[in-house]
Amino acid sequence: MEFLRDEPHGTVKAYYLSSAIWMVLGTLAGFTGAVELIAPELLGNIPWIVFGRIRPMHTNAVIFGFVGSALIGSAHYIVPTMVRAPLYSERLGKATVWLWNFSVAAGTITLSLGYSQNREYAEWIWPIDVMILAALGMVFHNLLETVRRRKEELLYVSVWYVFGALVFTFFIYFFGNAVWNPSTGSITGIPDGILAWFYGHGVVGLFLTPLAVAIAYYVIPITCRAPLYSHTLSLLGFWSLLMIYTHIGTHHILQAPTPTWLKVIAITGSIAMLLPVATVLINLWLTMRERLPYILGDTGGKFVLAGTVWYLLTCLQGPLQSLPSVQKITHFNNWVVAHAHMGVLGFSGIIALGGMYFILPRITGRPLYSKFLADIQYWLVLLGMSGFFAILTAAGLIQGNGWLNGETVYRVLPEIHVYMILRLAVGTLIVSGAMIGLYNVYRSLYSSGTGRETS
Ligand code: HEM
Ligand code: HEM
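Please read these numbers as outputs of a predicted model, since none were measured by experiment. (Residues numbered from 1 in each chain as written. Chains lettered and ligands numbered in written order. Predicted model: local features only at pLDDT ≥ 70, side-chain atom pairs only at ≥ 80, totals over all residues. Heavy atoms only, no water.)

### Some remarks on the overall build of the protein
Looking only at helices and strands, the protein features 15 helices and zero strands. A compact globule built from 455 residues would reach a C-alpha radius of gyration of about 23 Å, and the protein, at 21 Å, matches this within 12%. Overall, the C-alpha framework of the protein stretches about 65 × 50 × 45 Å when taken along its three principal axes. Within the protein, the proportion of its 455 residues that are buried is 58%. Sequence separation of at least 24 residues holds for 83% of the intrachain contacts in the protein that already meet a minimum separation of 6. About 18600 Å² of surface is accessible on the protein, with carbon and sulfur atoms providing 70% of the total. Averaged over its 25 positive side-chain charges, the protein has a centre that lies 6 Å from the centre of its 19 negative ones. (Helix = DSSP H or I, 4+ residues; strand = E, 2+ residues; numbered from the N terminus. Rg over C-alpha atoms; globule rule 2.2 N^0.38 Å. Buried < 20%, exposed > 50% of the residue type's maximum accessible area, 1.4 Å probe, protein only. Contact = heavy atoms within 4.5 Å. Areas by Shrake-Rupley, 256 points an atom, 1.4 Å probe, with all protein chains shown as cover. Lys, Arg positive; Asp, Glu negative; His and termini not counted. Charge placed at Lys NZ, Arg CZ, Asp CG, Glu CD.)

Next up, the structure:
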């Protein structure tokens, strides 16, 4: 079958194209949601794009479609390269890309039709959950068989992170979506809240984070032309991430009547998260010491470096906002939306783009179609992300302090109206960046001959 054609790096290419397409569709959905938060009546309450539907369409499309596809795609290049064996099966890889895309598309369409399980990041209905689990299983099988055929004995830390992510994501997804309970996709009461946030937290911390870190560990030493500063530190970071991140999801529901002991674990664990984060950043930044020009001169390297800076900011903010005294002000408002964009776009999304631009020339055998367009996208996304951070954090502080002073939600809304307008304006930069990225990725994959500029 033509669409399962066995070609070198066909799987990685297909993931990258999918990611670029989902970045456009996902950010357009976010843009539509942002319009509705300014002028709720403007779009005439068309049922399939009302805010309650467009919001999960946006979040799932960007998390699984854009960031997820690019990260999984890069894993299909990094693992075979690091173990010095070709990918076990390009056909299986391609079949997985189709299944993954079909799931994200079906999830988006069913959400717009009003079918939802109504739990954050687990909104997709159960047939889609089953397809996502099957796709994860197929990726795992393909990469594991690749590792079994390896010529390199040493498993570099990126390989550890990829497998850690795949195993944990499978189980978190299975339990978090209560897949054995298809009619609701949930259990009941407070235990369901705990389960839902074990999952929601895991999606960012044990799916996006380890895959993004795997890419950073791969790209930075090569770009700097220097060995990794410390392998011991890298494994310390890996195991501490798995040990700590897995059980702190309750920091999302500190305001709910969850057991106190669980809250204490969640809060202390959130502070302890500084350990895995610091090991990664110290290790990567010491690898690139005195070699910054190499990184800045490389398109992919530059994205990855920016992503590590956002990782630091996100993970300084994370422990802070897990403190009940801080969360009294920051919970339930746009402060958290700022943090979410910092983590999912600033950190893992930008690293996903970096991995893609770093690997693309290596799998096509020619330079990127346009380094210039990639640079423009870099600045658009970076400016957009910085704007989101400033605008949404300010709006969140206004909301939180207003409520603390006894104002009603209704009275505070006009005060943040201007921030919602600013968010839309700044969001235009990110949407434009996504469109430029799609054009560049498409031309890099399918333009014959050499690229317009070297990468
Ligand atoms: C690829 C880039 C993007 C990523 C990865 C991303 C990710 C996310 C995530 C994870 C959330 C959930 C936030 C939370 O629940 O705390 C969210 C919400 C949202 N995003 Fe994005 N986003 C992106 C781009 C955009 C753009 C360009 C816009 C539009 C200007 C936008 C507008 C929104 C809106 C309106 C919400 C809902 C906020 C609310 O419920 O108050 N996003 N996004
Ligand atoms: C040291 C690491 C981190 C800690 C301790 C942390 C802590 C937190 C806390 C306490 C919340 C809940 C805030 C509230 O609802 O009041 C939260 C929300 C969130 N975090 Fe983090 N975070 C960390 C890193 C990250 C990273 C790396 C990402 C993305 C890859 C991320 C993505 C998110 C998202 C998407 C939400 C919004 C969830 C929602 O929709 O309500 N976080 N984080």
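### A few points about the site of ligand 2
Near ligand 2 there are 24 residues, and of these Glu120, Tyr121, His252, His331 and His339 occur at the shortest range. Interatomic distance of 2.8 Å between a side-chain N/O atom of tyrosine 121 and an oxygen atom of ligand 2. In the environment of ligand 2, a nitrogen atom lies 3.3 Å from a nitrogen or oxygen atom belonging to the side chain of glutamine 321. Breaking the shell around ligand 2 down by element, the ones donating at least two residues are α6 (189–224), α11 (299–321) and α13 (334–364). (Near = heavy atom within 4 Å. Polar contact = N/O pair within 3.5 Å; in protein donor to acceptor, adjacent residues only side chain to side chain.)

### Thoughts on the packing of helix α9 (residues 274–287) against α11
Running from amino to carboxyl end, α9 crosses α11 at an angle of 155°, the nearest separation of the two axes being 10 Å. Relative to α11, the element α9 lies roughly antiparallel. Crossing geometry of α9 relative to α11 is assigned as left-handed. Within the contact between the two elements, α9 uses Leu274, Val277, Val280, Leu281, Leu284 and Trp285 and α11 uses Leu305, Thr308, Val309, Tyr311, Leu312, Cys315, Leu316 and Pro319. Along the lines of polarity and charge, the residues of the contact of α9 with α11 split into 13 nonpolar, one polar and no charged. (Axes fitted to C-alpha atoms, helices over the stretch in contact; angles between N-to-C directions. Parallel < 35°, antiparallel > 145°, perpendicular 65-115°, else oblique. Left-handed = near helix turned anticlockwise from the far one by under 90°. Nonpolar A, V, L, I, M, F, W, Y, C, P; charged D, E, K, R; others polar.)

### Notes on the nonpolar core
Phe64, Trp100, Leu143, Tyr161, Tyr217 and Leu360 are the most contacted members of the largest nonpolar core, which totals 132 residues. With 17 residues, the single largest contributor to this core is α6. Beyond its immediate chain neighbours, meaning those up to four positions away, phenylalanine 64 contacts Ser69, Trp100, Val104, Tyr121, Trp124, Tyr173, Tyr199, Val203 and Phe207. (Core = buried A, V, L, I, M, F, W, Y, C linked by side-chain atoms within 4.5 Å.)

### Some words on the pattern of salt bridges
If you walk through the whole model with that rule in mind, you get ten salt bridges. One salt bridge in this structure joins glutamate 120 and arginine 55, with 3.1 Å as the shortest N-O distance. With glutamate 120 in the loop between α3 (90–112) and α4 (126–148) and arginine 55 in helix α2 (residues 51–83), this residue pair connects regions lying 65 residues apart in the sequence. The class for glutamate 120 is partly exposed, based on a relative accessible area of 28%. Assessed through its relative accessible area of 33%, arginine 55 is described here as partly exposed. For the salt bridge of aspartate 375 with lysine 371, the shortest nitrogen-to-oxygen distance reads 3.7 Å. (Salt bridge = Lys/Arg side-chain N within 4 Å of Asp/Glu carboxyl O.)

### Let's talk about the coordination of the iron atom of ligand 2
Looking at the protein side alone, the iron atom of ligand 2 has one donor only, His339 (NE2), at 2.2 Å. Its location among the elements puts histidine 339 in helix α13. (Donors = N, O, S within 2.8 Å, 3.2 Å for Na, K, Ca; no water.)

### Focus: the coordination of the iron atom of ligand 1
Six octahedral donors at a metal ideally form angles of 90 or 180 degrees, and four tetrahedral donors ideally form angles of 109.5 degrees. Protein coordination of the iron atom of ligand 1 is provided by His58 (NE2) and His341 (NE2), with donor distances spanning 2.0 to 2.1 Å. Around the iron atom of ligand 1 sit six donor atoms, and with donor-metal-donor angles ranging over 83 to 180° the site reads as octahedral. Here histidine 341 lies in helix α13 and histidine 58 lies in helix α2, a separation of 283 residues in the sequence. An identical accessibility class is assigned to histidine 58 and histidine 341; each is buried. (Tetrahedral: all angles 85-135°; square planar, octahedral: opposite > 155°, others 65-115°.)

### Things to note about α6
Across its 36 residues, α6 extends 51 Å between first and last C-alpha, which sits within 8% of the 52 Å expected from 1.5 Å per residue. The largest bend in α6 comes to about 45°, at glycine 202. For α6, the tally of buried residues reaches 28 of 36 residues, placing the bulk of the element in the interior. Phi turns positive, to about 55°, at arginine 225, one or two residues after α6. (Expected span 1.5 Å × (residues − 1). Bend = angle between axes of the 7 residues up to and from the residue.)

### Structural notes on the packing of aromatic side chains
According to the stated counting rule, one finds 26 aromatic pairs in the structure shown. Note on tyrosine 378 and tryptophan 379: the rings are 5.2 Å apart at their centroids and 85° apart in plane angle, and the pair reads as edge-to-face. Three or more aromatic residues joined by ring pairs form one cluster here, namely Phe64, Trp100, Trp124, Tyr173, Tyr199 and Phe207. The ring of tyrosine 378 carries the charged tip of lysine 302 above its face, separated from the ring centre by 4.9 Å. Taking NZ or CZ as reference, arginine 362 lies 3.8 Å from the ring centre of phenylalanine 358, over its face. (Phe/Tyr/Trp six-rings, centres within 6.5 Å; stacked < 30°, edge-to-face > 60°. Lys NZ or Arg CZ within 6 Å of the ring centre and 35° of its normal.)

### With respect to the site of ligand 1
In the neighbourhood of ligand 1, 25 residues make up the surrounding shell, with Arg55, His58, Glu120, Tyr121 and His341 lying closest. Within the side chain of glutamate 120, an N or O atom sits 2.9 Å from an oxygen atom of ligand 1. Separating a nitrogen atom of ligand 1 from a side-chain N or O atom of histidine 341 is a distance of 2.7 Å. When residues of the shell around ligand 1 are traced back to their parent elements, those giving at least two are α1 (10–38), α2, α13 and α15 (409–446).

### Thoughts on the side chain of glutamate 145
With respect to the secondary-structure elements, glutamate 145 resides in helix α4. Within the structure, glutamate 145 has its side chain in polar contact with the side chain of arginine 149 (distance 2.7 Å).

### Considerations on the environment of serine 230
Inspection of the secondary structure puts serine 230 in the loop between α6 and α7 (231–245). Taking relative accessible area as the criterion, serine 230 reaches 16% and is therefore assigned buried. Along the backbone, serine 230 and isoleucine 215 are 15 residues apart, and their C-alpha atoms lie at a distance of 16 Å. In terms of polar contacts, serine 230 uses its side chain to reach the backbone amide nitrogen of threonine 232, at 3.3 Å. Within the structure, serine 230 has its side chain in polar contact with the backbone nitrogen of leucine 233 (distance 2.9 Å).

From the geometry alone we can't say anything about function, so treat these as descriptive.
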